[in-house]
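# Structure at a glance
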Amino acid sequence: MADPADPPDPALRPVRVLVEEHLALPGSTWTAGVPGALAGFARRPDEPAQRGPNSVVTARGGLRVALPNDAVAVAYEAPSARDPLRWHQAVAFCVPAKEGPARTAVTELGPDTDALRPQDTGAVLFDLGFGAPTVEILARTADPGALAALRGIAGAGPEATRDVLAAYPVHVVARTPAGRVEVFGGSPGGPHVRLRPGRTGSADAAHLPIPAGTTSVLRLRPAHPAADEHGRPLPFDPDRHVAFQALLAE
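Here the structure is a predicted model, which is why all the values come from computation and not from measurement. (Residues numbered from 1 in each chain as written. Predicted model: local features only at pLDDT ≥ 70, side-chain atom pairs only at ≥ 80, totals over all residues. Heavy atoms only, no water.)

In terms of regular secondary structure, the protein is built from 4 helices and 14 strands. Buried positions account for 45% of the 250 residues belonging to the protein. Carbon and sulfur atoms provide 56% of the accessible area of the protein, an area that totals close to 12400 Å². (Helix = DSSP H or I, 4+ residues; strand = E, 2+ residues; numbered from the N terminus. Buried < 20%, exposed > 50% of the residue type's maximum accessible area, 1.4 Å probe, protein only. Areas by Shrake-Rupley, 256 points an atom, 1.4 Å probe, with all protein chains shown as cover.)

Structure, rendered in structure tokens:
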């Protein structure tokens, strides 16, 4: 995470403005993590949301963006591997590549002092052991039964977490050097998690224009001109297309 004592880098000001703009837009979606260990945040246009500094929270989940001064933002378009007539568009927030905690066993980390909501501060965090160097996939709970179940599988691999996550409405937190996504347990739709032990590959496919020596840790997907947030086709929206082309140019 960025050190709050570090003064903001003026060169990042346009990127921070971009972040604030899209935190306010319900059509923009965000993901943190890698394939197999991923958390996403989305909200409906009519869904109540609370804004804070660099953050947005709903009743189902939330997001805080905390870009370090060495972060780089890269906008790109890329063809879909499944449908040659479709494409993806995103802004990748990248940081210098380096090894993170990459824990491979369930590990108790203590209270969550950086929770997005005051009522979640102090609930206990557990690393679920997915071993991805760019993101920590964490469970958070204050429920006595869930605490006992997670402590009972401490030291086991991520496969052991499946039954616990299914049995208890624990929160899932994806924590990266550029911020965090929180998915509140028992909240259907919108924010989501994709946890597949053994499939935590690189976040960056070879054909994406990620700068050498960096790795993406957070992605913004502005509203697509021809698809909804689930990838389902929509009538082409020229305004969305023009908006993203401006991002590419910048």
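Put simply, side chains in a regular strand alternate between the two faces of the sheet. Judged by how many residues are buried, strand 1 (residues 29–34) sits mostly within the fold: 6 of 6 residues are covered. Alignment of strand 1 against strand 2 (residues 37–41), held across 5 bridges, turns out to be antiparallel. Paired with Val-34 across the strands is Ala-37, a residue of strand 2. Counting the residues in the hairpin turn of strand 1 and strand 2 gives 2 residues, including Gly-36, whose phi is positive at 95 degrees. (Pairing = 2+ DSSP bridges.)

When pLDDT drops low, the exact placement of atoms in the prediction is not to be read closely. Per-residue confidence for the protein gives a mean pLDDT of 84; residues scoring 70 or more make up 85%. Here residues 1–5 scores under 50 on pLDDT; set against residues more than four positions off or in separate chains, the count is 9 contacts. (pLDDT = per-residue confidence, 0-100. Contact = heavy atoms within 4.5 Å.)

Attention now moves to unusual backbone geometry. A positive phi angle, near 60 degrees, is found at Asn-54, a position not held by glycine. Residue position: Asn-54 is located in the loop between strand 3 (50–52) and strand 4 (55–57). Take Asn-54: its relative accessible area is 35%, and that puts it in the partly exposed class.

A word on helix 1 (residues 13–23). Residues of helix 1 that are buried include every one of Val-15, Leu-18, Val-19, His-22 and Leu-23, and no others. The buried residues of helix 1 occupy an angular sector of 130 degrees when projected down its axis, which confines them to one face. (Arc of directions from axis to C-beta.)

Applying the stated criterion across every chain yields a total of 14 salt bridges. Glu-108 is the partner of Arg-151 in a salt bridge, and the nearest nitrogen-oxygen pair spans 3.0 Å. Placement of Arg-151 in helix 2 (residues 144–152) and of Glu-108 in strand 8 (residues 107–111) is noted, with a sequence separation of 43 residues between them. Its relative accessible area of 38% is what places Glu-108 among the partly exposed residues. Two residues, Arg-175 and Glu-136, come together in a salt bridge whose shortest N-O distance is 2.9 Å. One end of the pair, Arg-175, is in strand 11 (residues 171–176); the other, Glu-136, is in strand 10 (residues 136–141), with 39 residues separating them in the sequence. A relative accessible area of 12% means that Glu-136 is categorised as buried. Taken together, the shared-partner salt bridges connect Asp-112, Arg-117, Asp-120, Arg-140, Arg-180 and Glu-182 into one network. (Salt bridge = Lys/Arg side-chain N within 4 Å of Asp/Glu carboxyl O.)

This paragraph deals with the environment of Ser-28. With respect to the helices and strands, the residue Ser-28 is situated in the loop between helix 1 and strand 1. Residue Ser-28 is classed as buried on the basis of its relative accessible area of 4%. Separated by 193 residues in the primary sequence, Ser-28 and Arg-221 place their C-alpha atoms 5.6 Å from one another. If we ignore the near neighbours within four places in the chain, the residues touching Ser-28 are His-22, Leu-220, Arg-221, Pro-222 and Ala-223.

Counted under the stated rule, the structure contains 1 aromatic pair. Here Trp-30 and Phe-93 contribute two aromatic rings whose centre-to-centre distance is 6.2 Å and whose plane-to-plane angle is 15 degrees, an arrangement assigned as stacked. Within this pair, whereas Trp-30 is found in strand 1, its partner Phe-93 is found in strand 7 (residues 87–96), the two being separated by 63 residues in sequence. The exposure class assigned to Trp-30 is buried, which follows from its relative accessible area of 2%. Over the ring of Phe-184 we find Arg-117; its NZ or CZ atom is 3.8 Å from the centre of that ring. (Phe/Tyr/Trp six-rings, centres within 6.5 Å; stacked < 30°, edge-to-face > 60°. Lys NZ or Arg CZ within 6 Å of the ring centre and 35° of its normal.)

It is worth spelling out the sheet that holds strand 5 (residues 61–65) at this point. Within the open sheet, the 8 strands sit side by side as 3-4-5-12-11-10-9-8. Their pairing is antiparallel. Two strands lie at the open edges of the sheet, namely strand 3 and strand 8, each paired on one side alone. Strand-to-strand twist in this sheet, taken as the mean axis angle between neighbours without regard to direction, amounts to 20 degrees. Pairing between strand 5 and strand 12 (residues 179–183): 5 bridges, direction antiparallel. Each residue of the ladder has a partner; that of Gly-61, found in strand 12, is Val-183. Helix-sheet contacts for helix 1 involve strand 3, strand 4 and strand 5, and the interaxial angle to strand 5 is about 165 degrees. Along the sheet, helix 2 makes contact with strand 8, strand 9 (124–127) and strand 10, crossing strand 9 at roughly 30 degrees. (Axes fitted to C-alpha atoms, helices over the stretch in contact; angles between N-to-C directions.)

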